[in-house]
Amino acid sequence: MRMEHTLIDDVLVLVPLDARIEAANSAAFKGAVVDWIHKGQRKIVLDLIHVEFIDSSGLGAIISSLKNLGKDGDLALCGLSKPVMNLFRLTRMQRIFQLFESREEAVSKLAH
Amino acid sequence: MRMEHTLIDDVLVLVPLDARIEAANSAAFKGAVVDWIHKGQRKIVLDLIHVEFIDSSGLGAIISSLKNLGKDGDLALCGLSKPVMNLFRLTRMQRIFQLFESREEAVSKLAH
Amino acid sequence: MNESRVFPRIRLSIQSRLDHVFLVGKSAWALSRYAGFGESEADSIELCLVEAVTNAIQHGYRGEKDHSVDIDIILFSDRISLVVSHGGQGPLHVPKEPSEVDITDARSLPESGMGLSIIRRVMDHMTYATHGNVHVWTMEKRRSDE
Amino acid sequence: MNESRVFPRIRLSIQSRLDHVFLVGKSAWALSRYAGFGESEADSIELCLVEAVTNAIQHGYRGEKDHSVDIDIILFSDRISLVVSHGGQGPLHVPKEPSEVDITDARSLPESGMGLSIIRRVMDHMTYATHGNVHVWTMEKRRSDE
Ligand SMILES: Nc1ncnc2c1ncn2[C@@H]1O[C@H](COP(=O)(O)OP(=O)(O)O)[C@@H](O)[C@H]1O
Ligand SMILES: Nc1ncnc2c1ncn2[C@@H]1O[C@H](COP(=O)(O)OP(=O)(O)O)[C@@H](O)[C@H]1O
């Protein structure tokens, strides 16, 4: 799973570069995110700007990241394409996650 | 082959309604156009606004229409989508046919 | 025309490899759009097919890569039908719709098992059948009238 | 990763019906786009596949509708490969590139026979081979570097 990262104060922005997060690569994606959490990262923005498609196993990996962050952690998502937003709606997960249009909004929400 | 027609003075505008003109329907398309020519129609605008795809047999049918019109007839095309324009370029047929952006331009070219 | 209408039908076949599933997803998306489904409906149809084919590979073939999964797509006048067939293991039972998730407690969120419920939500019909050694999942979605 | 790369590959199969050819055209368009070809390149690839499959039906099966045409699409890292197979009649000979058309004389314009020259113009390679009773046309197009 190719993934860029940027640290903005205490907020880590992760940018998956693959066009799809699905069964073929969802374990690798989850592993990469959970690694950051285990290293102590507590505030994560997942910027899905390059992601055109997520299936249920990719969504499961994102849910798993949220669980791994626990009560003292915070996760926000941004850059959701139409098909990805469609998945979040179909599974009602748009009510669980903090979703933002832009990376800036997501970061500033988590920063303070 | 579903086709609309409108007569503007002595110019007949034919508007094929199928999304594709290809081997499956090119004979029907050619038959419909040639029928108009045999009825004495001499100036024809073919408005391809609804056509998303033409293959070599569809192009052959258009060429056949041009030939059937003969020296005293006139044919103009308009509304070419990108894939259709691509076919005309690949076969160099954009140099043979009178191609226009809009129906109005095509009709006024043939009218005077 | 003398013959009865034969609805457009195509078979897609891939190896049972998760990294090849996108091929059928993309094809189904394009065919759905051509058949008159809107963009977001085509997105949902692609998603359901990816879920069903992934199930065939992960559950049917237990992740083994050298088998084949076949998908028949039929464009009926009023609906699209997607039929996923594999020659692996059938399901012990087809799980029923899971109970509603308690969204107030993140720890209770599911990390798997969402595939079939997505299919049930999007599609008008989903059926499972077995023909000899072949397991067949059929999904149908009607085109909403314009 | 221990195993050598297996390039994404899908087989599309349709009945030998001209009114079903669009199904493979649309699928190939979507797969070409996903593989990184531009819109107009994908348009050209769809066109070539439609030409080749139409030939298989019209010349290979002489228009008979109850046979099958198979198309394998392989996404190599640098190119797309489209392989059209049919079990009908092979060509007596594969026509060479036709001579240039005299565009000053409308009466000399061709009304057919343009399919193979379109394929030759768009594709980097086209080959014909026969394996037993199966006739195989292979077309390849490289992705232009961005
Ligand atoms: N093609 C199949 N072959 C065998 N079992 C299947 C198949 N499809 C689904 N199943 C069963 O249905 C269950 C639910 O599938 P799904 O909702 O997609 O969740 P997940 O695949 O994440 O477990 C699977 O755990 C499996 O038991
Ligand atoms: N799949 C095929 N099987 C048999 N003959 C073929 C096949 N494809 C092409 N041919 C031969 O190649 C010729 C040229 O094909 P093409 O350029 O597409 O023109 P057209 O199909 O309009 O005649 C055909 O007339 C035929 O003789």
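(A) Seen up close, the pairing of strand β1 (residues 9-15) of chain D. Sheet analysis places strand β1 (residues 9-15) of chain C next to β1 of chain D, joined by three bridges and oriented antiparallel. Along β1 of chain D, the bridge assignment pairs L12 of chain C with L12 of chain D. Sheet topology places β1 of chain D next to strand β2 (residues 68-75) of chain D; seven bridges connect them, and they run antiparallel. When the sheet's bridge partners are listed, I10 of chain D is paired in β2 of chain D with I73 of chain D.

(B) Quick peek at the site of ligand 2. All names here are of chain D. Taken together, 14 residues surround ligand 2, and among them N55, H59, H86, G113 and L116 come closest. In the model, a nitrogen atom of ligand 2 is placed 3.4 Å from a nitrogen or oxygen of the Q89 main chain. For ligand 2, whose free accessible area comes to 540 Å², the fraction covered by protein is 81%. By residue class, the composition of the shell around ligand 2 is five nonpolar, nine polar and no charged.

(C) Here's a closer look at the site of ligand 1. All names here are of chain C. Looking at ligand 1, there are 14 residues lining it, with N55, H59, H86, G113 and L116 nearest. In the model, an oxygen atom of ligand 1 is placed 3.3 Å from a nitrogen or oxygen of the G115 main chain. In the model, a nitrogen atom of ligand 1 is placed 3.1 Å from a nitrogen or oxygen of the W137 side chain. For ligand 1, whose accessible area on its own is 540 Å², the fraction buried by protein is 82%. When residues of the shell around ligand 1 are traced back to their parent elements, those giving at least two are α2 (39-60) and α3 (115-122). Per-element tally for the shell around ligand 1: the top contributor is α2, with four residues. Counted by class, the shell around ligand 1 contains five nonpolar, nine polar and no charged residues.

(D) Representation of the sheet that holds strand β6 (residues 74-78) of chain A. Residue and element names in this part refer to chain A. The mixed open sheet is built from five strands, whose spatial order is β1-β2-β4-β6-β7. Sheet topology places β1 (3-8) and β7 (98-100) at the edges, where each strand pairs with a single neighbour. When strand polarity is set aside, the average angle formed by the axes of neighbouring strands in this sheet is 25°. Taken together, the six bridges between β1 and strand β2 (residues 11-16) define a ladder with antiparallel strand orientation. Bridge assignment links E4 to a residue of β2, and that residue is V15.

(E) Inspection of helix α4 (residues 103-111) of chain A at higher detail. Residue and element names in this part refer to chain A. Of the residues making up α4, those classed as buried are A106, V107 and L110. Considered in projection along α4, the buried side chains sweep an arc of 95° and stay on one side of the axis. For α4, the secondary structure elements touched by its buried residues are β1, β2, β4 (43-47), β6 and β7.

(F) Broad picture of the interface of chain C and chain A. At the junction of the two partners, chain C supplies 26 residues and chain A supplies 26 residues. The largest share of the area that chain C buries against chain A comes from L109, E111 and R121 of chain C, three residues that together contribute 25% of it. Here chain C is connected to chain A by three salt bridges. Ionic pairing is found between R20 of chain A and E46 of chain C, a salt bridge with its closest N-O pair at 2.9 Å. Summed over the shared surface of chain C and chain A, the result is seven residue pairs in polar contact (both at pLDDT 80 or more). Counting only elements with at least two residues in the side of chain C that touches chain A, the list comes to α1 (21-34), α2 and α3 of chain C. In terms of residue count, the dominant contributor to the side of chain C that touches chain A is α2 of chain C (ten residues).

(G) Representation of the confidence of the model for chain C. Here chain C averages 92 in pLDDT, while 91% of its residues score no lower than 70. Predicted complex, confidence summary: ipTM 0.95, pTM 0.95.

(H) Structural detail: the packing of α1 of chain C against α2 of chain C. Residues and elements named next belong to chain C. Taken N-terminus to C-terminus, the directions of α1 and α2 make an angle of 150°; their axes are 8 Å apart at the nearest point. The orientation of α1 with respect to α2, classified from their angle, is roughly antiparallel. The handedness of the crossing between α1 and α2 is right-handed. The residues of α2 that touch α1, namely those facing V21, V24, G25, K26, A28, W29, S32 and R33, are E39, A42, D43, I45, E46, L49, V50, V53, T54 and I57.

(I) Representation of the packing of aromatic side chains. With the rule as written, the count across this model stands at eight aromatic pairs over all chains. Measuring from centroid to centroid gives 4.9 Å for Y34 of chain C and F22 of chain D, while their planes differ by 35°, and the two rings are tilted. In this pair, Y34 of chain C is assigned in helix α1 and F22 of chain D in helix α1 (residues 21-34), connecting two distinct chains. On the basis of relative accessibility, which here comes to 7%, the residue F22 of chain D falls in the buried class. With a centroid separation of 4.9 Å and 45° between ring planes, the pair formed by Y128 of chain C and W137 of chain C is classed as tilted. In this structure, K39 of chain B is placed above the aromatic ring of W36 of chain B, and the distance from its NZ or CZ to the ring centre is 4.3 Å. When the ring centre of F76 of chain D is taken as reference, the NZ or CZ atom of R79 of chain D above it lies at 4.0 Å.

Reading the values: rules and limits
- Residues numbered from 1 in each chain as written.
- Chains lettered and ligands numbered in written order.
- Predicted model: local features only at pLDDT ≥ 70, side-chain atom pairs only at ≥ 80, totals over all residues.
- Heavy atoms only, no water.
- Pairing = 2+ DSSP bridges.
- Helix = DSSP H or I, 4+ residues; strand = E, 2+ residues; numbered from the N terminus.
- Near = heavy atom within 4 Å.
- Polar contact = N/O pair within 3.5 Å; in protein donor to acceptor, adjacent residues only side chain to side chain.
- Areas by Shrake-Rupley, 256 points an atom, 1.4 Å probe, with all protein chains shown as cover.
- Nonpolar A, V, L, I, M, F, W, Y, C, P; charged D, E, K, R; others polar.
- Axes fitted to C-alpha atoms, helices over the stretch in contact; angles between N-to-C directions.
- Buried < 20%, exposed > 50% of the residue type's maximum accessible area, 1.4 Å probe, protein only.
- Arc of directions from axis to C-beta.
- Contact = heavy atoms within 4.5 Å.
- Buried area = accessible area lost by both parts, 1.4 Å probe.
- Salt bridge = Lys/Arg side-chain N within 4 Å of Asp/Glu carboxyl O.
- pLDDT = per-residue confidence, 0-100.
- Parallel < 35°, antiparallel > 145°, perpendicular 65-115°, else oblique.
- Left-handed = near helix turned anticlockwise from the far one by under 90°.
- Phe/Tyr/Trp six-rings, centres within 6.5 Å; stacked < 30°, edge-to-face > 60°.
- Lys NZ or Arg CZ within 6 Å of the ring centre and 35° of its normal.

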